[in-house]
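Breakdown of the fold
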Amino acid sequence: MLKGAIIGCGFFAANHLAAWRLIDGAETVAVCDTDRARAEAAAAATDGATVFTDAATMLATAELDFVDVITTAPSHRPLVELAARHRVPVICQKPFAPTMEDAQAMVDACASAGVPLMVHENFRWQSPLMAVKKVIEAGEIGEPSYARIQFRHAYDIYTNQPYLKTEPQLAIMDLGIHLLDLARYLMGEATRLHCRTQRINPDVAGEDCVTILLDHAGGAVSLVDFSFFTKLEPDPFPQTLVRIEGTRGTVELLAGYRMRVSGPGWSREEDVEPAVPPFGAKPWHNIQESVVNIQRHWVECLRAGSEPATSGADNLKTIDLVFKAYQSAETGRAL
Ligand code: NAD
Ligand code: 89V
């Protein structure tokens, strides 16, 4: 049984903890938060994990096979480097880092220490998106040439994550990062992007509406558009809607988790809604299921000695697109 510890016991940690309980081959033996009450509440959701309020003390005293960092971005580099110094494999939540320099430093620290590093980039582990990928890989729609990846809603994200309200870099860093990763996952590496941002909600500091045009190696294009201030009924949060056109047909992921694959004279539709995990609830089940999937993948990779799909090295390419998107929006130039 792999012995894991979590660092950061806030809002999203509840999903990681519940997922670890479902996964064979791993258990949470320690929990750490600088806020003792939060660490104690998290420990109550485990089979007797030891409580720590200092990550350095935990790494120095607990016997761990991996740590799972579930804090916000500013603390990622010191915590990942700490794990690397102790030669403990590490999972790090998104956004991986506030700067490219920090992201590269974490990848380098883990590589020199010879420890696996996975970014908890869970969107590509959502089963509806994996179903779309399967359609593409099976050749059903032919060669993809155009993708639209969309996530527009007005769900109140600020009650659970109040820190988002004051972030000067809001939607691209928090959500665009997932969608840019999906663009890479579904359409291949991006070679160029052009980004426009808007701040529609006067109560937030950062951009909350974003449109990004991507070029991909091989000539395909993607339009990635997302908004935190789109008023409509029913609100699709937290569904990613997708349309990918290929030389033979089109695959669409429509609201209500309906996947439609069609071409001239033919079509089929499939219900790809994920099951609600035992610890979960709608509308979060889509995200909660992906948390179980990515953490199960981590355990399989650790056991097999293989590189996680969203390794730190892989995620450098996603976060690079995030920083380029901000730069493009600021300068008005394609990069
Ligand atoms: P949060 O603020 O609720 O929780 C973070 C916790 O980390 C806090 O309790 C804080 O005290 C603790 N912490 C900070 N620095 C620490 C340190 N050095 N040592 C120990 N504890 C420390 O944040 P959250 O909403 O749970 O988000 C955490 C991360 O998860 C964010 O980066 C966010 O973007 C990400 N997230 C991902 C998803 C997803 O679906 N992928 C969803 C929500 C949040
Ligand atoms: O995934 C995230 O980090 C989120 C959410 C999609 C829930 O808004 O902030």
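A quick note: this is a predicted structure, and the numbers were derived from the prediction, not measured. (Residues numbered from 1 in each chain as written. Chains lettered and ligands numbered in written order. Predicted model: local features only at pLDDT ≥ 70, side-chain atom pairs only at ≥ 80, totals over all residues. Heavy atoms only, no water.)

Observations concerning the packing of helix α4 (residues 76-85) against helix α5 (residues 100-113)
- Here α4 crosses α5 at 5°, and the two axes come no closer than 9 Å. The angle between α4 and α5 places the two elements in the roughly parallel class. For the pair formed by α4 and α5, the contact residues are H76, R77, V80, E81 and A84 on the first element and E101, D102, A105, M106, A109, C110 and A113 on the second. (Axes fitted to C-alpha atoms, helices over the stretch in contact; angles between N-to-C directions. Helix = DSSP H or I, 4+ residues; strand = E, 2+ residues; numbered from the N terminus. Parallel < 35°, antiparallel > 145°, perpendicular 65-115°, else oblique. Contact = heavy atoms within 4.5 Å.)

Here's the deal with the side chain of H285
- Relative to the helices and strands, H285 is located in helix α8 (residues 285-304).
- Those residues within four positions of H285 in sequence are excluded, and the remaining contacts are Y257, E273, P274, A275, V276 and P277.

Description of the site of ligand 2
- Around ligand 2, the structure places K94, F123, I157, Q161, D174, H178, F237 and W284.
- Q161 places a polar side-chain atom, nitrogen or oxygen, 3.3 Å from an oxygen atom of ligand 2.
- One of the side-chain nitrogen or oxygen atoms of D174 is found 2.8 Å away from an oxygen atom of ligand 2.
- Coverage of ligand 2 by the protein amounts to 91% of the 270 Å² it exposes when considered alone.
- Partitioning the shell around ligand 2 into residue classes produces four nonpolar, two polar and two charged. (Near = heavy atom within 4 Å. Polar contact = N/O pair within 3.5 Å; in protein donor to acceptor, adjacent residues only side chain to side chain. Areas by Shrake-Rupley, 256 points an atom, 1.4 Å probe, with all protein chains shown as cover. Nonpolar A, V, L, I, M, F, W, Y, C, P; charged D, E, K, R; others polar.)

Here we look at helix α9 (residues 312-331)
- If you check α9, its first and last C-alpha atoms are 28 Å apart, about what 20 residues at 1.5 Å a residue would give, namely 28 Å.
- Those residues of α9 that sit buried are G312, D314, N315, L316, T318, I319, L321, V322, F323, A325, Y326 and S328.
- For α9, the secondary structure elements touched by its buried residues are α5, β6 (117-120), α7 (171-187), β8 (190-198) and β9 (209-216).
- Positive backbone phi, at 75°, marks G332, one or two positions downstream of α9. (Expected span 1.5 Å × (residues − 1). Buried < 20%, exposed > 50% of the residue type's maximum accessible area, 1.4 Å probe, protein only.)

Comments concerning the sheet that holds strand β1 (residues 2-7)
- Across the sheet, which stays open at both edges, the six strands sit in the order β3-β2-β1-β4-β5-β6 with parallel pairing between neighbours. Bordering the open sheet on either side are β3 (50-52) and β6, each of which pairs with just one other strand. Each adjacent strand pair in this sheet contributes to an overall mean axis angle of 25°, direction not counted.
- Of the strand pairs in this sheet, β1 and strand β2 (residues 26-32) are connected by six bridges, and their pairing is parallel. From the neighbouring strand, K3 faces β2, where its bridge partner is E27.
- Set on the sheet, helix α2 (residues 36-43) makes contact with β2 and β3; between it and β3 the angle comes to about 160°.
- The sheet contacts of α8 involve β1, β2, β4 (66-69), β5 (90-93) and β6, and relative to β6 the element is tilted by about 175°. (Pairing = 2+ DSSP bridges.)

Things to note about the sheet that holds strand β11 (residues 241-246)
- If you trace the eight strands from one edge of the open sheet to the other, you get β8-β9-β10-β7-β11-β12-β13-β14, paired in mixed fashion. Only two strands of the sheet have a single neighbouring strand rather than two, namely β8 and β14 (266-271). Strand-to-strand, the axes of this sheet are offset by a mean angle of 10°, without reference to chain direction.
- For strand β13 (residues 258-263) and β14, the ladder comprises six bridges, and the chain directions are antiparallel. Bridge assignment links S262 to a residue of β14, and that residue is S267.
- Along the sheet, α9 makes contact with β8 and β9, crossing β8 at roughly 55°.

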